[in-house]
Structures are given as structure tokens and as C-alpha cells.
Amino acid sequence: MSTFAGIKNLEGGDANSITEALLDFLQECKLCPKRCIGLVNDGCNTMCGKNHSLLTKFREHNPNIVFVKCVCHSIQLCSSYAMRVLPRNVEYQISQTYAWFSHSTLRQQNYKELHETINVGEAPLKILQLSDTRWLAVSACLNRVLDQ
């Protein structure tokens, strides 16, 4: 079972500040750092770098802690790198297609009429917006444009 334990304001974004905040939070919750079994984060140097990071500082309190990179973030990075092999104009075309139709009711109506004429009364699906941070959304957006 997973649950949200809480949130803590940070004084800074460096390894010392993050470690101090984490240890304070664990103490407030009456949890012992030595009993923690894993630490999961996005993999940036501040969080898991080999010299001075949250991970290295936390290992001073629990040398047996297991580090796991966030699976969702890792998949996001992989898909982002994979997108680099596509021509840049594909991403541009997807974002501009959404922008063209999303800001004009008249364009949406004209497109709907054309689509229904070509596809014998079938209503078009909505053109999806491309996310700036989630590259996995490119597939859904691209498939929608191609399907339409």
C-alpha cells in the first residue's frame, strides 16, 4: 500500500537542506532512518550523485538503503531521447495542428463538416494537445492526427 505521508518546506535545494528536511520529517513521524529500506527519486545529481547528494548523506544514517530511480521518470527520459530521432517538424506539426483548431470555433466546425463528409457521417475525434514535459503523449497525439 502506498500513501502520501506529508510535505515539507525546504530552506534550499542543495543536498544538505534536502537531507535535513527528510531527517526532520522522519523524526516528526517517529520513524527511524535505519529502518527505511529504500529511497526513490528522479535521479538528478542533488538527489543521487555519487559525491555529495541526498543519497550519500542519507547513507551516513543508513548505509543499507536501497536506491531506486523513479520508473516513471526513467521511462520519460528514454522516450524523450527516442524522440530525438524524429524530425523536429513532426513535433511542431502536432503542436500547431492543435493550436490551429483549439482557438477557433469556426475552424472546428468547418473541420467537423469536412470530416463527416469524407467519413460518411462519422464525427471527428478531438485533436489532442502535445505536452511539453511528457513525451509519451506524443504517440497519442501523432496517432490522433494520422487517424483523422
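One can find the structure itself at the top, above this paragraph.
The shown structure was predicted, so the numbers you read here are calculated from the model rather than taken from an experiment.

1. Considering the pattern of salt bridges
For the coordinates displayed, the defined rule picks out two salt bridges. Taking the shortest distance from any N to any O, the salt bridge between Glu 28 and Lys 8 comes out at 2.7 Å. In this pair, Glu 28 sits in helix H1 (residues 15-28) while Lys 8 sits in the segment before H1, placing the two residues 20 residues apart along the sequence. You can call Glu 28 exposed: its relative accessible area is 52%. Note on Lys 8: relative accessible area 30%, which makes it partly exposed. Lys 112 is the salt-bridge partner of Glu 116, the closest N and O atoms lying 3.8 Å from each other. On the criterion of helical spacing, the pair formed by Glu 116 and Lys 112 is a turn pair, its members being four residues apart in helix H6 (residues 105-118).

2. Some remarks on the environment of Asn 45
Tracing the backbone through its elements, the reader meets Asn 45 in helix H2 (residues 45-48). With 31 residues separating them in the primary sequence, Asn 45 and Asp 14 have C-alpha atoms 9.9 Å apart. Ignoring sequence-local partners within four residues, the contact set of Asn 45 consists of His 52 and Ser 53.

3. Some details on the pairing of strand E1 (residues 38-41)
Burial along E1 is one-sided: Leu 39 and Asn 41 are buried, and none of Gly 38 and Val 40, which face the opposite way, are. When E1 meets strand E2 (residues 66-69), the two strands line up parallel, connected through four bridges. Residue pairing in the sheet places Val 40 in a bridge with Val 68 of E2.

4. As for the packing of helix H5 (residues 88-102) against H6
For the pair H5 and H6, interaxial distance at closest approach is 6 Å and the crossing angle is 105°. Between H5 and H6, the interaxial angle falls into the category roughly perpendicular. Here Trp 100, Phe 101 and Ser 102 of H5 lie close against H6, whose contacting residues are Arg 107, Gln 108 and Tyr 111. Its residues placed into classes, the contact of H5 with H6 shows three nonpolar, two polar and one charged.

5. Points about H1
Taking 1.5 Å per residue as the helical rise, H1 with its 14 residues ought to reach 20 Å, and the 20 Å between its terminal C-alpha atoms agrees with that figure. Among the residues of H1, Ala 15, Ser 17, Ile 18, Thr 19, Ala 21, Leu 23, Phe 25 and Leu 26 are the ones counted as buried. Buried residues in H1 make contact with H2 and helix H3 (54-58). Phi for Lys 30, located one or two positions after H1, is positive at around 60°.

6. Examining the nonpolar core
One finds Ile 18, Leu 23, Leu 26, Leu 39, Met 47, Cys 48, Leu 54, Leu 55, Phe 58 and Ile 65 forming the largest nonpolar core, which totals 10 residues. Secondary structure elements with two or more residues in this core: H1, H2 and H3. Residue contacts for Leu 26: discarding those within four places in its chain leaves Leu 31, Pro 33, Cys 36 and Phe 58. Of all hydrophobic cores here, the second largest spans five residues; its members include Met 83, Ile 94, Val 138 and Cys 141.

The rules behind the values
Numbers given for residues are sequential positions, taken from 1 along each chain in its written order. Totals for whole chains, interfaces and linings use all residues, but because this is a predicted model, local features are given only for residues with pLDDT of at least 70 and pairs of side-chain atoms are given and counted only at 80 or more. To get the side-chain values, take all heavy atoms of the structure and skip hydrogens and water. Whenever Lys or Arg places a side-chain nitrogen within 4 Å of a carboxyl oxygen from Asp or Glu, that contact is recorded as a salt bridge. Helix and strand definitions follow DSSP, with helices as H or I runs of at least four residues and strands as E runs of at least two, each counted in order from the N terminus. Think of it in three bands: with a 1.4 Å probe and only protein chains considered, a residue is buried below 20% of the maximum accessible area for its type, exposed above 50%, and partly exposed in between. Contacts between residues were defined by any pair of non-hydrogen atoms, one from each residue, lying within 4.5 Å. In short, DSSP must find at least two bridges between two strands for them to pair. Helix axes are fitted to C-alpha atoms over the stretch in contact, other axes to C-alpha atoms as well, and angles between N-to-C directions run from 0 to 180 degrees. By the definition adopted for this analysis, an angle is roughly parallel if under 35 degrees, roughly antiparallel if over 145, roughly perpendicular if from 65 to 115, and oblique otherwise. For this scheme, ten residues count as nonpolar: Ala, Val, Leu, Ile, Met, Phe, Trp, Tyr, Cys and Pro. Four count as charged, namely Asp, Glu, Lys and Arg, and the remainder, Gly too, count as polar. In this scheme, a helix's expected span is set at 1.5 Å multiplied by one less than its residue total. Take the buried Ala, Val, Leu, Ile, Met, Phe, Trp, Tyr and Cys residues and link them wherever side-chain atoms come within 4.5 Å; each set so joined is a nonpolar core.

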